[in-house]
Amino acid sequence: MPSTLFLLMLPAALCSMGRAMSRDEKQKLRTQVVEMFDHAYQNYMDHAYPADELMPLTCRGRVRGLEPSRGDVDDALGKFSLTLIDTLDTLVVLNKTVEFEAAVRKVLSDVRLDNDIVVSVFETNIRVLGGLLGGHSMAVMLKEEGQYMRWYQDELLHMAKDLGLRLLPAFNTSSGLPYPRVNLKYGVRGPETRTGTETDTCTACAGTIILEFAALSRFTGDPVFEAHARRALDFLWEKRQRNSNLVGTTINIHSGEWVRRDSGVGAGIDSYYEYLLKAYVLLGDDQFLQRFNIHYASIMKYISQPPLLLDVHIHKPLLPARTWMDSLLAFFPGLQVLKGDIRPAIETHEMLYQVTKKHNFLPEAFTTDFRVHWAQHPLRPEFAESTYFLYKATGDPYYLEAGRTIMDNLNRFARVPCGFAAMKDVRTGSHEDRMDSFFLAEMFKYLFLLFADSEDLPFDVEDYIFTTEAHLLPLSLSTAPHASSVPQNKTIYQSEEELDDSNFDWTCPNTRLLFPDPAFPRNLREPIRSAVDKSCPRPAPYREPGMGAPPLRAQDFMANNREHLELLRRMGVSLIHLKDGRVQLVQHATQAVSPIAAEDGVRFMQEMMELSSQQQKEQLPPRAVQIVSHPFFGRVVLTAGPAQFGTDLSKSSTGVRGFVTVAEPYSGCSEITNGDYVRGHIALLQRGQCMFAEKARHIQKAGAIGGIVVDDNEGSSSDTAPLFQMAGDGRSTDDITLPLLFLFHKEGNILLEALKEHREVEVLLSDKARDRGADVHQAEEDCQTDQSKAAESESESTASQEAVDAAPAQIEADVPKADSEDKKADAADQSVNELMADWRDDLEAFRQMEKDEL
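Residues numbered from 1 in each chain as written. Predicted model: local features only at pLDDT ≥ 70, side-chain atom pairs only at ≥ 80, totals over all residues. Heavy atoms only, no water.

On the basis of which strands lie adjacent, the open sheet formed by seven strands has the order β24-β23-β29-β25-β26-β27-β28 and mixed pairing. In this open sheet, the two edge strands, each paired with only one partner strand, are β24 (636-640) and β28 (740-743). Between one strand axis and the next, the sheet turns through 35 degrees on average, direction left out of account. Sheet analysis places strand β25 (residues 656-662) next to strand β29 (residues 762-766), joined by four bridges and oriented antiparallel. By the bridge assignment, Gly658 is partnered in β29 with Val763. Along the sheet, helix α23 (residues 745-758) makes contact with β23 (623-627), β24, β25, β26 (682-686), β27 (706-710), β28 and β29, crossing β24 at roughly 140 degrees. (Pairing = 2+ DSSP bridges. Helix = DSSP H or I, 4+ residues; strand = E, 2+ residues; numbered from the N terminus. Axes fitted to C-alpha atoms, helices over the stretch in contact; angles between N-to-C directions. Contact = heavy atoms within 4.5 Å.)

See the structure below:
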């Protein structure tokens, strides 16, 4: 069948019970999208280029090796002007043809691909190779039209082939699965490469190659790229679990053994499924559709629990692997639209939309009762992507309003003078000094297309397919000649039944026939909206009949009990003692003494997560210190720890606003000597030497309206340490009526540097950041060189350290150092709550998530 059917069947098919959006209104929203893009793109070009990415809080570029390492996240950076390459085809979609031509010339003149640097094969493929191929596709299209790019002679394609050849050494494995990293100059073999020793990769990392590599082969006529990508997909298919037809999250690239056997549609697996279906659309190979349909049937049978999508174990797919969802699964409704399964797409999208409304953005992970699990939001575009595809399929203006919500939240909460900053904590509105390249590559492309009609675009978007990074590849590649040396794939099917054509949908359903009732989509959404509002109960962990209770219950666990530690070892659970006296648990199912013990370990970890979550609910959430005076205008938000006494900021609609001043003595442990300055102000204090409550009483007596305690532990940061609550002093604290918040050392330094630079600094103490929509234009004009010093100090505290900001709060009392050390020594014998303050059963999964896809 013609592969174009998949895209051509998507035009709007439905009316809506809601108000249709006028063309003028859509035009205004498109104009707003372009303005937002310009704000992000121009700040990257002015302050960051030729660096890979913009650091929007400090108005400078992120150069790998010059900034503190963020771990695997930095593997996307290769000193090849990542953001510019990733943005090329977005410029054309937004009708910025002149800027596109200038950007191509910059890439050709400035970018080098032979750097001695180790990069992620996955990220470099989807962002850089995909960006070059998307740029080439646009350049060819514009050249054929005759007005622009007439000088173009396939230079971007030549660069793409050069990069493809530099990635090929990663595929030199017995399985055909690529190494996760490659040195752009030296490959993977030899000591100079500084890589090639890895044994594991994620399923998406190995299975998200085919579109870019096949396009490169068909553009250039060299079949080697497509052959390697097909071989990797073949191996993953053969290694699927034959009973469940699911794949795990992480696989050994040499043996093919599954390292992580949890399976879902989010981080680690997501784009593997996406590329099976899209490879069929682009290349016309029925085998890809057969494989996708087999996987999809299992996804809908085991993982899909409308509107939820919950990970399961591939060998026991009725056993849930976790009770939370990550934000990367937000792409899946869009893929279901491409598949033609519109009903579950509407349901899951609605759940995601309601979670977005609760928290302003999709948290990096959220629980089945829609609470924050990981609080970060790095400006991911997947929800906007699904919103666009659902609008294309239904024509329902409801999805235009969802797009408007995305834009409004970006402008209100993420926009800063030098671009858009990732959210460090969606609960407080605090920022990270980070604007990933995918924000420009995908977010504005999907938002512009959402509000655009065909006549608003410089080309017919239906002639292209979107890669996972939203790069555009022409469907004409399906008829492009490709050498017969591409091997015929050996397909291993579970049974003859799987070859039965009746099991597969070979065409997309006509949405006019699916939804003759215009109210149907709304009727699907209503119960989901109600469920999110009421917060669905968390499902109980599954227990196989006859298995009995696990040998160790989480509530009974004692970290100093040798018998308990031996039971943990048998279940594949390891206990790590941290330097500050806390402990961390990590489970590796492969280290369990038996499959049964491994399942017991999973149950134990799930119970511990539930126990930790329950204890966390009893604790106060983090607070926000928002700098509202010139030149910050509310754009800088610092995550702060609350106190168990004083004003409860969550019950204040306005918070406490005032100018800050440093108290004397700085410790606040005796009568304040500069009372005239402290009176009517918010006092800055240093941690240590006395109780927090004593500090609060001294500044309250001096007339302060609030207080901020700055940690004296140099280098501490909310990036790397769990927030904690300041405890009282063991007696009644009802006499303390002002709010007291705690800042770690790095966040406190931002405030102190701002005070040093500007003398008068006004802040707002609140439960979360307030609307920063006012004075936006004025604030942006101030992002000039005269503000760079203040921004410079901020960068040190906002660089991501792959922290889990949603970690349980740690309750501490500010006591003299000796007493603090004694308390740490005693902590080993205390309750699970205190022992597990920083425990995360999913810490490894979070790090893998950052590695898998940014």
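So much for the structure itself; the text now carries on.
Following Pro306, the chain continues into Pro307 via a peptide bond in cis, with omega recorded as 5 degrees. Relative to the helices and strands, Pro307 resides in the loop between β9 (304-305) and β10 (308-309). Within the chain, Ser81 stands out as a residue other than glycine whose phi angle is a positive 50 degrees. Along the chain, the position of Ser81 falls in the loop between β2 (60-62) and α3 (82-93). The backbone phi angle of Asn360 is positive, close to 75 degrees, even though this residue is not glycine.

It is worth spelling out the packing of helix α10 (residues 270-283) against helix α12 (residues 332-339) at this point. At a closest axis distance of 11 Å, the pairing of α10 and α12 adopts a crossing angle of 25 degrees. In terms of axis orientation, α10 runs roughly parallel to α12. Note that α10 runs across α12; the crossing there is left-handed. Residues Tyr273, Glu274, Leu277 and Lys278 of α10 touch α12, and the partners they reach there are Leu335, Leu338 and Lys339. Residues of the contact of α10 with α12, tallied by class, amount to four nonpolar, no polar and three charged. (Parallel < 35°, antiparallel > 145°, perpendicular 65-115°, else oblique. Left-handed = near helix turned anticlockwise from the far one by under 90°. Nonpolar A, V, L, I, M, F, W, Y, C, P; charged D, E, K, R; others polar.)

Ordered by their spatial adjacency, three strands build an open sheet running β12-β13-β14, and the pairing between neighbours is antiparallel. Only two strands of the sheet have a single neighbouring strand rather than two, namely β12 (324-326) and β14 (372-374). Strand-to-strand, the axes of this sheet are offset by a mean angle of 30 degrees, without reference to chain direction. Pairing analysis gives three bridges linking β12 to strand β13 (residues 365-367), with the strands arranged antiparallel. Residue Asp326 lies in a different strand from β13, and its bridge partner there is Ala365.

Now for the nonpolar core. Buried together is how nonpolar side chains tend to be arranged in soluble globular proteins. Core analysis: the largest hydrophobic core is formed by 176 residues, its most contacted members being Phe100, Tyr273, Met351, Leu410 and Phe420. A total of 11 residues in this core trace back to one element, the largest contributor, which is helix α5 (residues 121-145). In this structure, Phe100 is in contact with Leu88, Leu91, Val92, Gly135, Met138, Ala139, Leu142 and Met149, ignoring residues within four places of it in sequence. If you look at the next biggest cluster of nonpolar residues, it comprises 22 residues, including Ala683, Ala693, Ala704 and Leu738. (Core = buried A, V, L, I, M, F, W, Y, C linked by side-chain atoms within 4.5 Å. Buried < 20%, exposed > 50% of the residue type's maximum accessible area, 1.4 Å probe, protein only.)

All told, the structure shown has 27 aromatic pairs when counted by the stated rule. By way of ring pairs, the aromatic residues Phe37, Tyr41, Phe420, Phe439 and Phe444 are connected into one cluster. The ring of Trp151 has Arg105 sitting right over it, with the charged end atom 4.1 Å from the ring centre. Directly above the aromatic system of Trp237 lies the positively charged group of Arg240, at a separation of 3.9 Å from the ring centroid. (Phe/Tyr/Trp six-rings, centres within 6.5 Å; stacked < 30°, edge-to-face > 60°. Lys NZ or Arg CZ within 6 Å of the ring centre and 35° of its normal.)

Here the focus is the pattern of salt bridges. Under the defined criterion, the tally for this structure stands at 48 salt bridges. For the salt bridge of Lys26 with Asp453, the shortest nitrogen-to-oxygen distance reads 3.0 Å. Pair noted here: Lys26 is in helix α2 (residues 23-47) and Asp453 is in the loop between α16 (437-450) and β19 (464-466), with a separation of 427 residues, a long-range link. The closest approach of N and O atoms between Lys278 and Glu274, which form a salt bridge, is 2.7 Å. (Salt bridge = Lys/Arg side-chain N within 4 Å of Asp/Glu carboxyl O.)

With respect to the element layout, Lys445 can be found in helix α16. Only 2.8 Å separates the side chain of Lys445 from the side chain of Asp89, close enough to count as a polar contact. A polar contact of 3.2 Å, which involves the side chain of Lys445, links it to the backbone oxygen of Ala441. Not counting chain neighbours up to four residues away, the residues in contact with Lys445 comprise Asp89, Thr90, Val93, Leu94, Phe466, Ala470 and His471. (Polar contact = N/O pair within 3.5 Å; in protein donor to acceptor, adjacent residues only side chain to side chain.)

Mean pLDDT over the protein: 82, with 78% of residues reaching 70 or higher. Note on residues 484-503: pLDDT under 50 across the span, and 36 contacts to partners over four residues away in sequence or across chains. For the stretch residues 536-550, pLDDT sits under 50, and the model shows 31 contacts to residues farther than four places along the chain or on other chains. (pLDDT = per-residue confidence, 0-100.)

For Leu282, the position within the fold is in helix α10. Distance from Leu282 to Ala215, taken between C-alpha atoms, is 8.8 Å for residues 67 residues apart in sequence. Other than its neighbours up to four places away in sequence, Leu282 contacts Leu211, Ile465, Leu473, Pro474, Leu475, Leu477 and Ser478.

The interhelical angle for the contact between helix α8 (residues 210-220) and α10, taken along N-to-C directions, is 25 degrees, at an axis separation of 10 Å. When the interaxial angle is binned, α8 and α10 end up roughly parallel. Along the contact surface, α8 presents Ile210, Leu211, Glu212, Ala214 and Arg218, while α10 presents Tyr275, Lys278, Ala279, Leu282 and Leu283. Of the residues that constitute the contact of α8 with α10, the class distribution is seven nonpolar, no polar and three charged.

The end-to-end C-alpha distance of α10, which contains 14 residues, comes to 20 Å, matching closely the 20 Å that a straight helix rising 1.5 Å per residue would cover. Two residues or fewer past α10, Gly284 is found with a positive phi of approximately 75 degrees. (Expected span 1.5 Å × (residues − 1).)

The next point concerns the state of the cysteines. Counted by the stated rule, this structure contains three disulfides. At a sulfur-sulfur separation of 2.0 Å, the disulfide partner of Cys202 is Cys205. Its S-S torsion of about 90 degrees marks the bond between Cys202 and Cys205 as right-handed, since a negative value means left-handed. For the pair Cys202 and Cys205, a shared accessibility class is recorded, and that class is buried. Between the sulfur of Cys669 and that of Cys690 lies a disulfide, 2.0 Å long from S to S. Its torsion about the S-S bond being -85 degrees, the disulfide of Cys669 and Cys690 is classed as left-handed. With Cys669 in the loop between β25 and α21 (675-678) and Cys690 in the loop between β26 and α22 (692-701), this pair connects stretches of sequence that are 21 residues apart. The class for Cys690 is buried, based on a relative accessible area of 4%. (Disulfide = S-S within 2.5 Å.)

Time to look at the pairing of β23. Side chains on a regular strand alternate between the two faces of the sheet. With five of its five residues buried, β23 lies for the most part within the structure. Neither face of β23 is exposed, since Arg623, Val625 and Ile627 on one face and Ala624 and Gln626 on the opposite face are all buried. Where β23 lies against β24, five bridges are found, and the strand directions are antiparallel. The partner of Ala624 across the bridge, within β24, is Thr639. Sheet analysis places β23 next to β29, joined by four bridges and oriented antiparallel. Note on β29: the bridge partner recorded for Ile627 is Val763.

So, on to the pairing of β27. By the criterion of burial, β27 is predominantly enclosed, with five of the five residues buried. Residues of β27 alternate between two faces, with Gly706, Ile708 and Val710 on one and Gly707 and Val709 on the opposite face, all of them buried. Strand direction decides the pairing type here: β26 and β27, joined by five bridges, are parallel. By the bridge assignment for β27, Gln686 is matched with Val710. The β-α-β motif built from β26, the intervening α22 and the parallel element β27 has right-handed crossover chirality. Where β27 meets β28, four bridges bridge the pair, whose relative direction is parallel. Looking at the pairing, Gly707 lines up with Leu740 of β28. (Right-handed = clockwise from strand over helix to strand, strands pointing away.)

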